[in-house]
Structures are given as structure tokens and as C-alpha cells.
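Okay, here's what each chain looks like letter by letter:
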Amino acid sequence: MNDPELAHFTRDFLQEHGAVVVGETDPLHALLPDEISRDLDLPEEVILGETGFPLVYGSPVVDRMIRKATAILPLLCGVIDVPYVKKAGFETALMQDLSFVDAKIEIVTKAETRMHYLVVRFHYVALSDERKEGLITCSIQETSGALIDGFGQQIHLYACEHKVDANALGPVTARMAQWLQTGSNELRLMLDQELSAFIASMKHRLRRDVTNTREYYQALAAEMQDSLQTAQLSQAQREERERKIQMLPEELERKIADLKTKYGTRINVRPCAIERYQIPVAQLMLAAHHGKQKRTLSVHYNPITRRIDPLVCESCHQTARKLFLKAEKSGLSLVCGKCA
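Small disclaimer: the values here were computed from a predicted structure and weren't measured. (Residues numbered from 1 in each chain as written. Predicted model: local features only at pLDDT ≥ 70, side-chain atom pairs only at ≥ 80, totals over all residues. Heavy atoms only, no water.)

What follows deals with the overall build of the chain. In terms of regular secondary structure, the chain is built from nine helices and 15 strands. For the chain, whose C-alpha radius of gyration is 30 Å, the value lies well above the compact-globule estimate of 20 Å for 340 residues. Considering only C-alpha atoms, the chain reaches an extent of 95 × 70 × 35 Å along its principal axes. Each of the 340 residues in the chain was classed as buried or not, and the buried ones make up 38%. Sequence-distant contacts, at least 24 apart, represent 65% of the contacts inside the chain between residues at least 6 apart. Carbon together with sulfur atoms contributes 51% to the accessible area of the chain, which is approximately 19700 Å² in total. (Helix = DSSP H or I, 4+ residues; strand = E, 2+ residues; numbered from the N terminus. Rg over C-alpha atoms; globule rule 2.2 N^0.38 Å. Buried < 20%, exposed > 50% of the residue type's maximum accessible area, 1.4 Å probe, protein only. Contact = heavy atoms within 4.5 Å. Areas by Shrake-Rupley, 256 points an atom, 1.4 Å probe, with all protein chains shown as cover.)

Here it is in C-alpha cells:
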């Protein structure tokens, strides 16, 4: 019996790609357009199910459909109207949420505008002596690329008008590709936290097996050394055994190298789904003074997190709430503590 869920997926997938499908579950009778027929390596007229091409996980047809379905990132768009957007008290919020070292900050103008935020779900696979896979989620301000803590958890508390916007997929995908380059360190830190217990377990096993392997070779070397003194060996046999004793350290190092390969962790990660939300925010234009120099900054009060969004270091592109104004030939640059 084929999986009804796979049959529903197959029907929806084929209809999405222009096929004519008859049937709700097994079997499915389908008339395929030329392109999808070639991509799935199926005849133009086909029966999918028990009496034709089986719909089971691991079958070539199902694998090809899944690969094609996941080749393009799924994107869900939403518009949220919050009941109230903050209009005053931003001086206190600035002091709590952002820190500008050795700089004087003043608010020049305030206005309400709309911003886009991305909630991105990443699928990871960690391979070592064991396998671990799962999802991690991060929220990103689309314009700046700053990570917004708590946004993904809070957004679902608000009424949202969802829609599918095919025109947004290209720009969002390009923005994600850029973020994956500049924000890779932040993603790596999230993965390290998510996989800390798994990696610690692999390291513990490595230390245990390395210790046991060293003890084994030390005992073997001692036993072979003792046998030289007690055994009745010919000269050729003695030389052969001494040669084996001399080779033990090299053999030990090979064994340890094999163990390191066995317990080393290889991590594959890719974005698998994106939600894009448009929300009203309060935009603040700031005048930042550092010495005799001055520059204008734009920050946003986010009504979902009820905080001012963090900014991004203009040098390393990492999200930061403590910032420095660094004097350069071109003017003042905004940098984090490490880049200051």
C-alpha cells in the first residue's frame, strides 16, 4: 500500500507543474507536459502508484520530485498591522537597546514607516560516528541584515494577512545569499550552540578511544620487549621483532588519525524555508557626534520585539548593540568592539 501523504504530494506537485491528474490517491493517472516528463524521466502518460510507478520513499520518481520541489526556496509573505506603534519615549529605548561609545547621540526626526523582516529556517545535518539533523531558525532585518532576537517567536502572536508573492522570491533569495556570506559567523555560532552536546559527546568518545588505543600499544610494546629477553629467538626472529617494535609508534599515530576522522564532525546547512513579514515600525534619524565629526544614522523601533533593532558593523557585518564611531578618511564608520 502506498503512502496517502505521498500520493497527495505527487498530485499537488504534478498539477503545480501543469500536469493533468485524475485520482485523489493511489493510483494517479497523469498526463505530463514535456518538461516535467523529462525532469522526472517518465512517459508523458503515466500511472503512478501500486499498479505503475510506486510512490514510496526512496523510489527514484519520488526522489526526483522531492529534489525538484526543494530546489527553489519556499517563500511565504505576510503583512502585519500592529495595534500600536510607539510614538514617544525613544530616548530611554535608545539608552537601553543601543550603546554608542564616546559619541553623543541626538534624535533629529521620528516617522512611521514599514520594514521587511525575514524568518529563515535552516536545515542542518551533522555527520560523525553518529548523525544528527534538525532545524534552526533566525530572524533577520531584510535591509540591514541584523539578527533580531525574539522576532520569530513573537510574530505569530499577531494577526497576519498571508499571501504568495512570486515577485519577492528573487530579491529575497539574493538578500539571503548576501547574508550567508556576511553573516556566516553568526550562523556558525548558532550551530555551535545547537550542536554543543553532540560535538561534546563525539569529543568524549575520541578522547576515550585514543586513551584506550595508546594503552593498548604501550602494553603491546612492553610485552614484545619482554619477549626479546625470555623467548628463544634466532637472530633473524629477534631482528624482525625489534623492527615491529620500532614500527609501533607509527602504527599508533595512524590509528589515532583514523579515530580523529571517525569522530570529526562535518556539518551541512542550507536554508529550507523563508517567511517574509512587512510590519510598521518607528524610524528614528539620529545625529551622531564624535569629536568634531558628525554623521547621520537611521534606527528602527520594532513593535514586535518592543526594542530598537540592533545595527550591523560596517567592517565585519556582524550584529551589534554596542558600537563605536571610528574616524576614517571617508568620514565616521560604525563598527563593533572587535573592529574598533
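Having seen the model, we can carry on.
An α-helix turns once per 3.6 residues; consequently, residues spaced three or four apart project the same way. Turning to helix H7 (residues 184–194), its buried residues number three or more, namely Glu186, Leu187 and Leu191. For H7, the angular spread of the buried residues around the axis is 140°, confining them to a single face. Exposed residues pointing more than 90 degrees away from the buried face of H7 are listed as Leu189 and Gln193. Its buried side turned inward, H7 meets strand E6 (104–127), strand E7 (131–141), helix H6 (166–182), strand E9 (266–290) and strand E13 (319–320). (Arc of directions from axis to C-beta.)

This paragraph deals with unusual backbone geometry. Of note in the backbone geometry, Asp102 takes a positive phi value of approximately 55° without being a glycine. Among the structural elements, Asp102 can be located in the loop between strand E5 (99–101) and E6. According to the relative accessible area criterion, Asp102 is exposed, its value standing at 63%. For Arg306, which is not glycine, the phi torsion reads 60° and is therefore positive. Structurally, Arg306 can be placed in the loop between strand E10 (293–302) and strand E11 (307–308). Judged by relative accessible area, which is 61%, Arg306 ranks as exposed.

A sheet is described by the order of its strands in space; here three strands give the open sequence E1-E2-E3, paired in antiparallel fashion. In this open sheet, the two strands that pair with only one neighbour each are strand E1 (20–22) and strand E3 (45–48). Each strand axis lies, on average, 20° off the axis of its neighbour in the sheet, ignoring direction. Here strand E2 (residues 28–31) runs beside E3; their pairing, made up of four bridges, is antiparallel. The residue of E3 that forms the bridge with His29 is Ile47. Contacting E1, E2 and E3, helix H1 (residues 4–16) runs over the sheet at an angle of about 15° to E2. (Pairing = 2+ DSSP bridges. Axes fitted to C-alpha atoms, helices over the stretch in contact; angles between N-to-C directions.)

Relative to the helices and strands, Lys322 resides in strand E14 (residues 322–328). With 110 residues separating them along the chain, Lys322 and Asn212 place their C-alpha atoms 48 Å apart.

Bringing H6 into the picture now. Taking 1.5 Å per residue, 17 residues should reach 24 Å; H6 reaches 25 Å between its end C-alpha atoms and fits that length. By the burial criterion, the buried members of H6 are Ala168, Val172, Arg175, Met176 and Trp179. Around the axis of H6, the buried residues are gathered within 105° of arc, so they sit on the same side. If you follow the buried residues of H6, they end up packed against strand E4 (75–80), E6, E7, H7 and E9. (Expected span 1.5 Å × (residues − 1).)

Looking now at the packing of H1 against helix H3 (residues 60–69). Two elements in contact, H1 and H3, have axes whose closest approach is 11 Å; the angle formed by their N-to-C orientations is 55°. Judged by the inter-axis angle, H1 sits oblique to H3. In the crossing of H1 with H3, the sense of the turn from one axis to the other is left-handed. Between H1 and H3, the contacting residues are Leu6, Phe9, Thr10 and Phe13 on the first element and Val62, Met65, Ile66, Lys68 and Ala69 on the second. (Parallel < 35°, antiparallel > 145°, perpendicular 65-115°, else oblique. Left-handed = near helix turned anticlockwise from the far one by under 90°.)

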